[in-house]
Amino acid sequence: MGKTRAVMLTRQRKHSKMPMDLYYVPGSAPCRAVLLTARALNLNLNLKLVDLHHGEHLKPEFLKINPQHTVPTLVDDDLIIYESRAIMTYLVNKYGKGSNLYPEDPKARALVDMRLNYDLGTLYNRFADYFYPHLFYGTPADKDKLAKVEDALKLLDAFLEGQKYVAGPNLTLADLSIIAGVSSFEASDIDFKKYANVKRWYETVKTTAPGYQEANEKGLDAFKALAERMLKK
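The name given to the protein chain in an unreviewed UniProt entry is Glutathione S-transferase, with Pieris brassicae as the source organism.

As structure tokens, this is what we get:
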């Protein structure tokens, strides 16, 4: 075992005795992305379920932790972070030095950052803008917004041309963030599997991301069940 790997595992074992608190909702794609990252790093998190339906995220005790009242929210000693991609990069920076998940080489990291920002500002953003008003408020599906989701998927398909993963030959945080969001498309009428590269990548990540079943599939099933109930109303 190399020195870097040995140090990394030592940190992880030490940290596993004092797990960080993660305030989360199982069905949330950003929460699932964080869970996938923790699994990939072999980190234990103290999971704290937030009941959004009953407004727990708006209670004073939670607002004191996170004034934006959003999930996921990570508490690591005196540090509080409440944006999924910031949480993911923090976990690797502190507990996964040397990991390919967030490479230290500036060029390789820039590509991961670029894909993470594409996910945040384009792909997941457009999905949420299209699907969530329809799901939670019963507004009619907007065809123009759906077209924007399709355009974002075409970009993803182009990014994956000749590439195993979205940011190069190795599994990275970009894959974990994007697959958490793209898997949520299964609860909607968006057929992302019609894009050959996206479909191939999707199946690859499902079988290579550590702990995928536990970290993503269980929460995805919860989200799909919620969507089915809401859309029947």
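Bringing the pairing of strand E1 (residues 20–24) into the picture now. Burial runs high along E1: five of the five residues are buried. Neither face of E1 is left uncovered, since the one carrying Met20, Leu22 and Tyr24 and the one carrying Asp21 and Tyr23 both have all their residues buried. With five bridges joining them, E1 and strand E2 (residues 45–49) adopt parallel strand pairing. Along E2, the bridge assignment pairs Met20 with Leu45.

Moving on: empty space enclosed by the protein. A probe matching the size of a water molecule, rolled over the atoms, marks out where space remains unfilled. The full count for this structure, using the stated rule, is one cavity of 30 Å³ or more. Volume-wise, the largest cavity comes out at about 40 Å³. Elements represented by at least two residues in the lining of the largest cavity include exactly helix H2 (29–40), helix H4 (84–95), helix H5 (106–137) and helix H7 (173–184). Here the lining of the largest cavity is composed, by residue class, of five nonpolar, three polar and two charged.

Time to look at unusual backbone geometry. Looking along the chain, the bond that leaves Val71 and enters Pro72 is cis, with omega of 5 degrees. Along the chain, the position of Pro72 falls in the loop between helix H3 (60–65) and strand E3 (73–76). One non-glycine residue, Asn42, adopts positive backbone phi at about 60 degrees. Along the chain, Asn42 turns up in the loop between H2 and E2. Here the phi dihedral of Asp77 falls at roughly 60 degrees; this positive angle occurs in a residue that is not glycine. Examined against the element boundaries, Asp77 turns out to sit in the loop between E3 and strand E4 (79–81).

So, on to the environment of Leu120. Structurally, Leu120 is set in helix H5. Between the C-alpha atom of Leu120 and that of Ser177, which follows or precedes it by 57 residues, the distance is 8.9 Å. When sequence neighbours within four positions are dropped, the list of residues in contact with Leu120 reads Glu83, Arg85 and Asn125.

Before going further, it helps to spend a moment on the packing of aromatic side chains. Taken as a whole and assessed by the stated rule, the structure comprises 13 aromatic pairs. On the basis of an interplanar angle of 45 degrees and a centroid distance of 6.2 Å, the ring pair of Tyr124 and Phe127 is categorised as tilted. Of this pair, Tyr124 and Phe127 both sit in helix H5, three residues apart, roughly one helical turn. For the pair Tyr124 and Phe127, one class covers both residues: buried.

Here we take up the UniProt feature "domain: GST C-terminal" (unreviewed entry) in the protein chain. In the numbering used here, UniProt assigns the "domain: GST C-terminal" (unreviewed entry) feature to residues 105–233. For residues 105–233, the end-to-end C-alpha separation is 50 Å, with 74% helix and 0% strand making up the annotated structure.

Calculation notes
- Residues numbered from 1 in each chain as written.
- Predicted model: local features only at pLDDT ≥ 70, side-chain atom pairs only at ≥ 80, totals over all residues.
- Heavy atoms only, no water.
- Buried < 20%, exposed > 50% of the residue type's maximum accessible area, 1.4 Å probe, protein only.
- Helix = DSSP H or I, 4+ residues; strand = E, 2+ residues; numbered from the N terminus.
- Pairing = 2+ DSSP bridges.
- 1 Å grid on protein atoms, 1.4 Å probe; cavity = no way out; pocket = protein on both sides within 12 Å on 5 of 7 lines; lining within 4 Å.
- Points joined across faces, edges and corners; volume = space filled by probe spheres on them.
- Nonpolar A, V, L, I, M, F, W, Y, C, P; charged D, E, K, R; others polar.
- Contact = heavy atoms within 4.5 Å.
- Phe/Tyr/Trp six-rings, centres within 6.5 Å; stacked < 30°, edge-to-face > 60°.
- UniProt positions renumbered as here; feature names shortened; annotations may be inferred.

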